[in-house]
Amino acid sequence: MSAPLLEIERLAISFPAEHGRVAVVDRVAFTVAPGETVALVGESGCGKSITALAVMRLVPKPGRIEPGSVIRFDGRDILPLPVTDMRNLRGGKIGMIFQEPMTSLNPVTTVGSQVEEAILLHARLPAREARKRVVEMFARVGIPDPEQRFDAYPHQLSGGLKQRVMIAMAMAMRPRLLICDEPTTALDATIRAQILDLIRDLAATTGTAVLIITHDFGVVNAVADRVCVMYAGQIVETGTREELLGRPRHPYTQGLLRSIPRPEARGGRLEEIPGAVPRPGQWPSGCRFHPRCPVAFARCPVEVPGETRVSPTQSAWCHLVEEARP
Amino acid sequence: MTALRDGALLELRGLKTWFPIRAGVLQRITGHVKAVDGVDLAIYPGETLALVGESGCGKTTVGRTILRLVEATGGSVLYDGVDIAALPAAQFHPYRRRVQIVMQDPGSALDPRATVRDSIAEGMDAFAIGASQEERTERVATLMRQVSLDPETMWRYPHEFSGGQRQRICIARALAVEPSLLICDEATSALDVSIQAQILNLLADLQEKRKLTYLFITHDLGVVRYFATRVAVMYLGRIVELGPAERIFAEPRHPYTKALLASVPSLDPAQRGIKPAALGDVPSPANPPPGCHYHPRCGVRLPDCSRIDPPVVTFADGMCRCVLAEGQSSAIQQPQ
């Protein structure tokens, strides 16, 4: 495998609370290589979206990335970069698409000129060339009648087409890293399949690295090469798509997968994970999953679990997995 | 009184709900969004009927029309043989107790300034269930226990509860007036997977204990496959296929049903399959394509599909609204 394009080490993000600062993400570390698609999966409040924003250095104030965190892009730590350099990286070498294409587009400007603006911001191109590039991108992402659609306003396009415009905008500068935050959550089933297919195709043909944020294991299976499962601000398990979906080792990953309604489960009961996801600032002691874990034992509430490697590519942060190791 | 189809609890006959489109300074009606356009559907006691489809197909409007949160434009909603869509408000009131709804977003479905006790008891107040406030409070406690909430928390406000707990409050509130039919409109869609499993299990338990009938409106086919007895697939205001859940998933007849099923991403790491099976986008319900509404997106359309309304082909276990279904059985065709 080639050298990673994105390397994240010891990432911690905090927000101020009544008494001092509260960490919403900590100990997060993972890499994404060129041409590789990595998925960050977890339930709401696990910290997956804020991790993606941190890569763009877009953590909203008063949140902050804690000292000691490292985010390397193409071998260079981007956290100390001046704001102007960061701005060039964002939208240039790093593209991003969000869940709600409706709120990400300016309603009073045509979609074509919005994508054109993004291109002109990053490349010295004559206006005519920029327009040509937009139409090419529209065609590339499967927008029918790209010439006419250039002059359409966002409200004239369906949700699926708007998301294609967002992908065209993100891909227009041929980024090396594409970050997708729940790119298909707001879309209908048949449209979701089309967009996932498009993202996978773009990644495969352009060698773009993709970081995808999702709560949906179906999306993970459709596009990811590797997966990081997050719970309560931390990564609790990582591995290849085959490993995590086929042989999950962390009780949380196992519980999540078993709680998804599947046809085999028809007529029987779904496995539940009892209780609710804890809020930041109220993380349980030791292993943060222990109050909801069906196999927790004496060590779990008192000791923070370390990383246990179960294969060269799969790791779990769990005392039980550690003790089960030969 | 009209006789219902063999023992149905509720029956929709030719139900139409159209919304006018107004334009210009005079706000003249220039057209209609035919959100529900001729729906025939019977719901039987004790079953879970799933109404599935993509956004804009009219599935939510069907639920809202049954409850008369919007008024039907045509057709009838029969309950106990009475067309409740045509009743004056005062006479409709007692039926309103028989059908309750649980909506998608438990955050906005609850009054933030009312205690949980008052939210759950509101329906009892409206229908004079329970002789005194003390008795109603007692009933609220029982209901909270049934949905696995601590009755001690009944004096708290909705914001003090998690999303899953708030959905339990909404379910308790719906059950407080002892309905026969519970409409669940995307009731688990906003919840995390692990919480969704809790709520689905709760709904299954309650159905068994209280002999409830569910109309389950959702876009999530995984939930439908796990939970539904029968499935009705809707596309642009019409039901295009109806049948037992197991048959629909094993042998879908309508090309749209096939496309919907193919677009569900698999969880099996050995099969990566997502195959986009429907072409293009869902058209606007204000301006549906002529003939079969699905024809522009259909991979197996015939030349006539863009001109002729597809026939309703009836099967022993349901129906399919597609010209290709005609040859599939010794089907009886219904006149259009």
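This one's a predicted model, so the numbers in the text were calculated from it and none came from an experiment.

Turning our attention to the overall build of chain B. Helix and strand content of chain B: ten helices and 13 strands. A globule of 336 residues ought to have a C-alpha radius of gyration of about 20 Å, and chain B, at 21 Å, matches this closely. Buried residues in chain B amount to 45% of all 336 residues. At a minimum sequence separation of 6, the contacts of chain B that also span at least 24 residues come to 62%.

A few words now on the sheet that holds strand β10 (residues 226-231) of chain A. Residue and element names in this part refer to chain A. Read from one edge of the open sheet, eight strands run β7-β8-β9-β3-β10-β11-β13-β12, paired in mixed fashion. Edge strands, defined here as strands with exactly one partner in the open sheet, are β7 (94-97) and β12 (308-309). With four bridges joining them, strand β3 (residues 37-41) and β10 adopt parallel strand pairing. Bridge pairing in β10 links A39 to V227.

Let us look at the pairing of strand β6 (residues 99-102) of chain B. Residues and elements named next belong to chain B. Going residue by residue along β6, you find V99 and I101 tucked away on one face and Q100 and V102 tucked away on the opposite face as well. Where β6 meets strand β7 (residues 181-185), four bridges bridge the pair, whose relative direction is parallel. Looking across to β7, one finds that V102 is bridged to C184.

Taken together, the contacts link 40 residues of chain A with 34 residues of chain B. Counting only elements with at least two residues in the side of chain A that touches chain B, the list comes to α7 (159-171), α8 (189-206), α9 (217-223), α10 (241-246) and α11 (251-259) of chain A. The element best represented in the side of chain A that touches chain B is α8 of chain A, accounting for eight residues. By residue class, the composition of the side of chain A that touches chain B is 18 nonpolar, eleven polar and eleven charged.

Relative to the helices and strands, N88 of chain A is located in helix α2 (residues 83-89). Linking N88 of chain A and L121 of chain A, residues 33 residues apart in sequence, is a C-alpha distance of 8.8 Å.

A few words on the nonpolar core. Ranked by size, the top nonpolar core spans 188 residues in total, and within it V115, A168, L211 and V229 of chain A together with L51, F216 and V233 of chain B carry the most contacts. The element contributing the most residues to this core is α7 of chain A, with eight residues. Setting aside residues no more than four positions away along its own chain, V115 of chain A makes contact with V134, M137, V165, A168, M169 and A172 of chain A.

All names here are of chain B. Confidence along chain B averages 89 in pLDDT terms, with 95% of residues attaining 70 or more. Segment residues 330-336 is flagged for pLDDT under 50; beyond a separation of four residues in sequence, or across chains, it makes eleven contacts in the model. Listed scores for the predicted complex are pTM 0.87 and ipTM 0.81.

Residues and elements named next belong to chain B. Taken together, the four strands give an open sheet; going across it, the order is β2-β1-β4-β5, and neighbouring strands pair in antiparallel fashion. Both outer strands of the open sheet, β2 (28-43) and β5 (82-83), are each paired with one neighbouring strand and no more. Pairing of strand β4 (residues 74-79) with β5, which is carried by two bridges, proceeds in the antiparallel orientation. Residue pairing for β5: L78 is matched across the bridge by D83.

Here we take up the pairing of strand β5 (residues 70-73) of chain A. Residue and element names in this part refer to chain A. Here β5 shows a buried face lined by I71 and F73 and an unburied face lined by V70 and R72. Sheet analysis places strand β1 (residues 6-16) next to β5, joined by four bridges and oriented antiparallel. Across the sheet, residue L6 finds its bridge partner in β5, namely F73. In terms of strand pairing, β5 meets strand β6 (residues 76-77) through two bridges, oriented antiparallel. Of the residues in β6, the one forming a bridge with R72 is D77.

Moving on, we get to the environment of R68 of chain B. Residue and element names in this part refer to chain B. For R68, the location among the structural elements is in the loop between α1 (59-66) and β4. Among the residues examined, R68 registers 17 C-beta atoms within 10 Å and is labelled partly exposed. Not counting residues up to four positions away in its chain, the partners in contact with R68 are A85 and F92.

The rules behind each value
- Residues numbered from 1 in each chain as written.
- Chains lettered and ligands numbered in written order.
- Predicted model: local features only at pLDDT ≥ 70, side-chain atom pairs only at ≥ 80, totals over all residues.
- Helix = DSSP H or I, 4+ residues; strand = E, 2+ residues; numbered from the N terminus.
- Rg over C-alpha atoms; globule rule 2.2 N^0.38 Å.
- Buried ≥ 20, exposed ≤ 12 C-beta atoms within 10 Å, placed from the backbone.
- Contact = placed C-beta atoms within 7 Å.
- Pairing = 2+ DSSP bridges.
- Nonpolar A, V, L, I, M, F, W, Y, C, P; charged D, E, K, R; others polar.
- Core = buried A, V, L, I, M, F, W, Y, C linked by C-beta atoms within 7 Å.
- pLDDT = per-residue confidence, 0-100.

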